[in-house]
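Structural features, examined
Now for the letters of each chain:
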Amino acid sequence: MVQSISRFIIIILLIFPILLKAQNTRTLKGQIIDSENNSIAGAYIKIENTPLITNSDSLGRFSFKLPNKKEFTIQVSHVSYIDFAKSYTIKSREFKNIIIKLSLKKEQIGEVKIEANQNIRNKTTGISTKHLNQIPVSSSGAVEQLIKSLPGVSSNNELSSQYSVRGGNFDENLVYINEIEIYRPNLIRSGQQEGLSIINPDLVSSIQFSSGGFDAKYGDKMSSVLDVKYKTPNKFEASTEISMLGASAHLGNKSKNSKLSYIAGMRYKTNRYLLQSLDTKGEYEPNFTDFQALVNYRFNSSLSLHLWANLSENKYQFRPDNRNTSFGTISNALQLDIYFDGQEKDEYKTNTQAFTLKYHPNSNSLIRLIGSRYETSEEEKFDIMGQYYLSDLFVSQGGNQDESIENLGIGTFIDHARNRLEKDVYTIDIKGDHSINNLFIQWGIGAKSERVDDEINEWQYQDSAGYSMPVSTSDVLLAYSRNANNKIDNKHLKTFVQATQVLNTSKGELQITGGLRYHYWDYTEKGIFSPRASINYIPKWKNKVKFRLAAGSYQQIPSYREMLMIDGNISDRLNIQKSIHYVLGQEYYFKAWNRAFKFSSEIYYKDLTSVTPYDIENVRIRYYGDKKAKGYATGLDLRINGEFVPGTESWASLSLMKTEENIYGDKLSYIPRPSDQSFNFSMFFQDYLPNNPSYKMHLSLFYGGRLPVWSPKKGKNGGSFRIPNYRRIDLGFSKVLVDEDTQKQGLLKHFKSMWIGLEIFNVLDINNTVSYLWIKDISNNQYAIPNYLTGQKINLKLSAKF
């Protein structure tokens, strides 16, 4: 009884002050809107000098119960709008309803105009550069990481910046920086050797990407085009970043008379920390450095000169010690143990110099003279011996350590390579753009000289239970060998012309583009024509919609790598690959929750009338230069992007695809191409704490379908199996320490912004397979041991802008 009375008294004492306070409580309600009277959700609202904090709901509304105070100041902030603060007066027990109108920040105003007017007319996909410092990047470049999240694009290797598009391979993608074509390394065979992507995200001003049906102004590749432009600074800018994976810095400025501007960046990367999570243990020593600079000088309003240089040095050294890989199923579990001796030393040096002379004879014309030189020197040297033990594994169900119960094979292999490649490419182009009312004409003519000097010497010896494989009673045979000394010196002549006519009618805007490319290659003394056309239609509907139809011929002159046969020698039956694209798509712009969204879809068919078969292991492509095939690739790409969280852009992509080829002269009909991935889903999502937007979260998710693999024993004439699905989640958290609105003192006044980030790579710690190590026993039974990619790792980084 006493306890009940005590509890009642305590409750009364707690409630009584609240009741007294309620007599003097003032009620404030309101709504947050923009300049066009649209509701703003997710705005951060605070009553100054009180603990009262809330967020506007999906209709922009909010509500407060105010304390006994006549005057108060309300503060409103939002990541996309200018901060708001205003004082109000409310009498006791008064109800007040207010409307607060926020103004867009300057950079957001520009983005909205571009989205509404320019992006819908583009024939390529534009990617906002503000995501480059936000997306978690384990090893591949930030730009390529964003590209991999787009529909039609797939990559099952986080260590590599390479990607395949709509059934093509890595060599079928065009990449441009300031209209300069970029070339892939030749001797790279695994992602851990690859080094830095040539695209420096600190220098990028715009990114455009097309996954098919692109214009004739772009070059002669069969799959995609990535068009990157670097900045021309209007004022001083600088940044630096340091993390557990390396460091970077950049600097840009403009002269007082605005004639001279420059931007330069330097990067260092080492993925030693990531490689420690691989099954093969040892001493990894990867060191990658890169320097780039762009200098612009304007002589007058009509003439300007632009110089770009890139110097890159990638060194990869590896001394393997041991490897332990468990694989299979619970009912058929296997384990491979390898003990190594030897080392690998690789070195890749590349440099590019380019100039662009721009001339504006009038406001409707632009003529450019573009020249470039690309040089690469690549060396690959290794002698590694491995002694392996393949065992049948007993999997304990009680949590005890698994045990080996039967030895299935024992043997030795020796891998040897002394490969050296030097390549020089010189290009010169003249291009012109002309605008005549609603007609836009583009043309270009150019020449390219290419020289390659390649020495190939690599082999593998295999021994099983004391017998060399393949078994021979008289000779010691190698399981695999490539020996060649190739030198080529060839010239290319290229030209194109294309025209775009814009027709405005009462029902909408019609944009018709037609173009023709011509490419002559003196190595075969043949020329090829590639016509391309597209139609864009933007009806005058309430919600903006664009329909697109494109078709064209895309013929690919063989690169040096495509000219080789499996044994390393140049084929005497070179094949110019050809693909005919048919693309039908739409883009639908709409609003949900009073926020902007875009849904896009494309259905496509690629008629591969002539292709060169190939195998791919990790990132190394080996062509069958003496064979020819026909095939197809068809699929559907879907993407939705927009403000799922107010003030931030996120997106999700889904691709369905089928690609097959029929190799002439074999016993089979159509077989899957190495890039045959039936589905691919990716997502990039951003969020922040509603009450404190300086705390942010960024998530990247990739789920890729199973890729086909062929046994070396049977080759493409035998059956194939599929690599397991690629599944990976990378998660990033960041805290803004300093921004433009922060009151800064001391050293902090020199910083424009500063933030610290925590990244978790491969959050679920999934063993993703990139390729297979093939082992034979004395009975010639073959085992495929999966080569897993990186496991779960954490990265810390600090970034600052000046």
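Treat the numbers as computed from the prediction; the structure is a model and nothing was measured.

1. Section: the overall build of the protein
Within the protein one finds 4 helices and 44 strands. When the accessible area of the protein is evaluated, it comes to approximately 37200 Å², of which 55% is carbon and sulfur surface.

2. Description of the sheet that holds strand 5 (residues 71-78)
In sheet architecture, strand pairing relies on hydrogen bonds along the backbone and comes in two forms, parallel and antiparallel. Strand order in the open sheet formed by 4 strands is 3-2-5-6, and the pairing between neighbours is antiparallel. The open sheet is flanked by strand 3 (53-55) and strand 6 (81-89), the only strands paired with a single partner. Taken over all neighbouring pairs, the strand axes of this sheet differ in orientation by 20 degrees on average, direction set aside. Sheet topology note: the strand 2 (residues 44-47)/strand 5 ladder contains 4 bridges and is antiparallel. The partner of lysine 46 across the bridge, within strand 5, is glutamine 75.

3. Focus: the pattern of salt bridges
The final tally for this structure, using the stated rule, is 35 salt bridges. The closest approach of N and O atoms between arginine 561 and aspartate 171, which form a salt bridge, is 2.6 Å. Here arginine 561, found in the loop between strand 28 (545-556) and strand 29 (577-592), pairs with aspartate 171, found in the loop between strand 10 (164-165) and strand 11 (173-177); they are 390 residues apart in sequence, far enough to count as distant. One exposure class covers both arginine 561 and aspartate 171, and it is buried. Residue arginine 673 pairs with glutamate 661 through a salt bridge whose shortest N-O separation is 3.1 Å.

4. Brief notes about the environment of lysine 793
Note that lysine 793 resides in strand 44 (residues 793-801). Look at lysine 793 and you get buried, because its relative accessible area is 16%. Taking C-alpha positions, lysine 793 is 8.5 Å from aspartate 765, a pair spaced 28 residues apart along the chain. Those residues in contact with lysine 793, other than ones at most four positions away along the chain, are Tyr273, Leu274, Gln276, Ser277, Glu759, Ile760 and Phe761.

5. A closer look at the nonpolar core
Ile147, Ile199, Leu226 and Tyr230 are the most contacted members of the largest nonpolar core, which totals 30 residues. Those elements giving two or more residues to this core turn out to be helix 3 (142-147), strand 11, strand 13 (204-210) and strand 14 (224-230). When near neighbours in sequence (up to four residues on either side) are disregarded, isoleucine 199 contacts Val143, Glu144, Val175, Ile177, Val204, Leu226, Val228, Tyr230 and Arg267. Tyr348, Ile528, Tyr560 and Ile621 belong to the second largest nonpolar core, which has 20 residues in total.

6. Concerning the side chain of arginine 639
Examined against the element boundaries, arginine 639 turns out to sit in strand 33 (residues 629-642). Although arginine 639 lies buried, it forms no salt bridge, and the closest oppositely charged side chain, glutamate 649, sits 4.6 Å away as judged by the N-O distance. Those residues in contact with arginine 639, other than ones at most four positions away along the chain, are Thr125, Leu150, Pro151, Lys598, Phe599, Ser600, Trp651, Ala652 and Ser653.

7. Some thoughts on empty space enclosed by the protein
Under the definition given, this model contains 10 cavities of 30 Å³ or more. As for the largest cavity, its lining consists of 22 residues, and the residues nearest its centre are Thr125, Ser211, Glu587, Ser600 and Glu602. Those elements that place two or more of their residues in the lining of the largest cavity are strand 13, strand 28, strand 29, strand 30 (595-611) and strand 33. Ranked by the residues each element gives to the lining of the largest cavity, the list is headed by strand 30, at 4 residues. Looking at the lining of the largest cavity residue by residue, the class counts come to 3 nonpolar, 10 polar and 9 charged. Taken as a whole, the second largest cavity holds about 250 Å³ of empty space. Taken together, 22 residues make up the lining of the second largest cavity; nearest its centre are Asn186, Leu187, Arg482, Arg561 and Arg620. At the level of secondary structure, the elements contributing two or more residues to the lining of the second largest cavity comprise strand 22 (403-436), strand 23 (439-464) and strand 32 (620-623). Class assignment of the residues belonging to the lining of the second largest cavity gives a composition of 11 nonpolar, 2 polar and 9 charged.

8. Describing the confidence of the model for the protein
A residue-level look at the protein finds 87% of positions with pLDDT of 70 or above and a mean pLDDT of 85. Ranking the elements of the protein by mean pLDDT puts helix 2 (residues 106-118) last, at 38, and strand 33 first, at 95. Here residues 1-23 is modelled with pLDDT under 50, and outside its nearest four sequence neighbours on either side it reaches 3 contacts, counting other chains as well. Throughout residues 106-119 the model reports pLDDT below 50, and contacts reaching past four residues in sequence, or to other chains, amount to 12 contacts.

9. Comments concerning the pairing of strand 20 (residues 333-362)
Taken together, the 23 bridges between strand 19 (residues 303-328) and strand 20 define a ladder with antiparallel strand orientation. The partner of phenylalanine 318 across the bridge, within strand 20, is glutamate 344. Linking strand 19 back to strand 20 in an antiparallel pair, the connection comprises 4 residues.

10. Quick look at a nonpolar patch on the surface
Together, Phe236, Leu251, Leu260, Tyr262, Val295, Tyr297, Phe299, Leu307, Phe355, Ile428 and Phe802 make up a nonpolar patch on the protein surface, roughly 870 Å² of accessible area in all. Broken down by secondary-structure element, the contributors of at least two residues to the nonpolar patch are strand 17 (260-269) and strand 18 (280-298).

11. Examining the environment of asparagine 795
With respect to the element layout, asparagine 795 can be found in strand 44. We classify asparagine 795 as buried; its relative accessible area is 2%. Along the primary structure asparagine 795 and isoleucine 760 are separated by 35 residues, whereas in three dimensions their C-alpha atoms are 6.5 Å apart. What asparagine 795 contacts, discounting residues up to four positions off in sequence, is Ser243, Met244, Leu245, Gly757, Leu758, Glu759 and Phe761.

12. A short note on the sheet that holds strand 14
With mixed pairing, the 5 strands of this open sheet are ordered in space as 8-13-14-11-12. The outermost strands of the open sheet, each flanked by one partner alone, are strand 8 (125-127) and strand 12 (180-181).

13. Details of unusual backbone geometry
Most peptide bonds are trans, and most residues other than glycine sit at a negative phi. Located in the positive-phi region is serine 258, a residue other than glycine, with phi close to 65 degrees. Along the chain, the position of serine 258 falls in the loop between strand 16 (246-254) and strand 17. With a relative accessible area of 37%, serine 258 lands in the partly exposed category. Despite not being glycine, asparagine 618 has its phi angle at roughly 60 degrees, a positive value. Relative to the helices and strands, asparagine 618 resides in the loop between strand 31 (614-617) and strand 32. Since its relative accessible area comes to 16%, asparagine 618 is described here as buried.

14. Describing the packing of aromatic side chains
For the structure on display, the rule yields 30 aromatic pairs. Consider the rings of tyrosine 614 and tyrosine 623, whose centres lie 5.9 Å apart with planes at 50 degrees: the pair is tilted. Side by side, tyrosine 614 and tyrosine 623 carry an identical accessibility label, which is buried. The aromatic ring of tyrosine 273 is capped on one face by lysine 793, whose charged end is 4.6 Å from the ring centroid.

15. What about the pairing of strand 25 (residues 480-505)?
As paired strands, strand 23 and strand 25 are joined by 22 bridges and run antiparallel to one another. The partner of tryptophan 459 across the bridge, within strand 25, is serine 481. Where strand 25 folds back onto strand 26 (residues 508-521) in an antiparallel hairpin, the turn is made up of 2 residues.

16. Let's talk about the environment of leucine 516
Tracing the chain through its elements places leucine 516 in strand 26. Judged by its relative accessible area of 36%, leucine 516 is partly exposed. Each C-alpha atom, one on leucine 516 and one on threonine 495, is 8.5 Å from the other, the two residues being 21 residues apart in sequence. Setting aside residues up to four positions removed in sequence, leucine 516 forms contacts with Ala216, Thr495, Phe496, Val497, Phe529, Ser530 and Pro531.

17. Considerations on the side chain of asparagine 662
Inspection of the secondary structure assignment puts asparagine 662 in strand 34 (residues 650-663). We classify asparagine 662 as buried; its relative accessible area is 16%. If we ignore the near neighbours within four places in the chain, the residues touching asparagine 662 are Lys628, Ala629, Lys630, Leu668, Ser669 and Tyr670.

Quick notes on the rules
- Residues numbered from 1 in each chain as written.
- Predicted model: local features only at pLDDT ≥ 70, side-chain atom pairs only at ≥ 80, totals over all residues.
- Heavy atoms only, no water.
- Helix = DSSP H or I, 4+ residues; strand = E, 2+ residues; numbered from the N terminus.
- Areas by Shrake-Rupley, 256 points an atom, 1.4 Å probe, with all protein chains shown as cover.
- Pairing = 2+ DSSP bridges.
- Axes fitted to C-alpha atoms, helices over the stretch in contact; angles between N-to-C directions.
- Salt bridge = Lys/Arg side-chain N within 4 Å of Asp/Glu carboxyl O.
- Buried < 20%, exposed > 50% of the residue type's maximum accessible area, 1.4 Å probe, protein only.
- Contact = heavy atoms within 4.5 Å.
- Core = buried A, V, L, I, M, F, W, Y, C linked by side-chain atoms within 4.5 Å.
- Lys, Arg positive; Asp, Glu negative; His and termini not counted.
- 1 Å grid on protein atoms, 1.4 Å probe; cavity = no way out; pocket = protein on both sides within 12 Å on 5 of 7 lines; lining within 4 Å.
- Points joined across faces, edges and corners; volume = space filled by probe spheres on them.
- Nonpolar A, V, L, I, M, F, W, Y, C, P; charged D, E, K, R; others polar.
- pLDDT = per-residue confidence, 0-100.
- Patch = residues over 30% accessible without salt bridge, like charges linked within 9 Å, V, L, I, M, F, W, Y side chains within 5 Å.
- Phe/Tyr/Trp six-rings, centres within 6.5 Å; stacked < 30°, edge-to-face > 60°.
- Lys NZ or Arg CZ within 6 Å of the ring centre and 35° of its normal.

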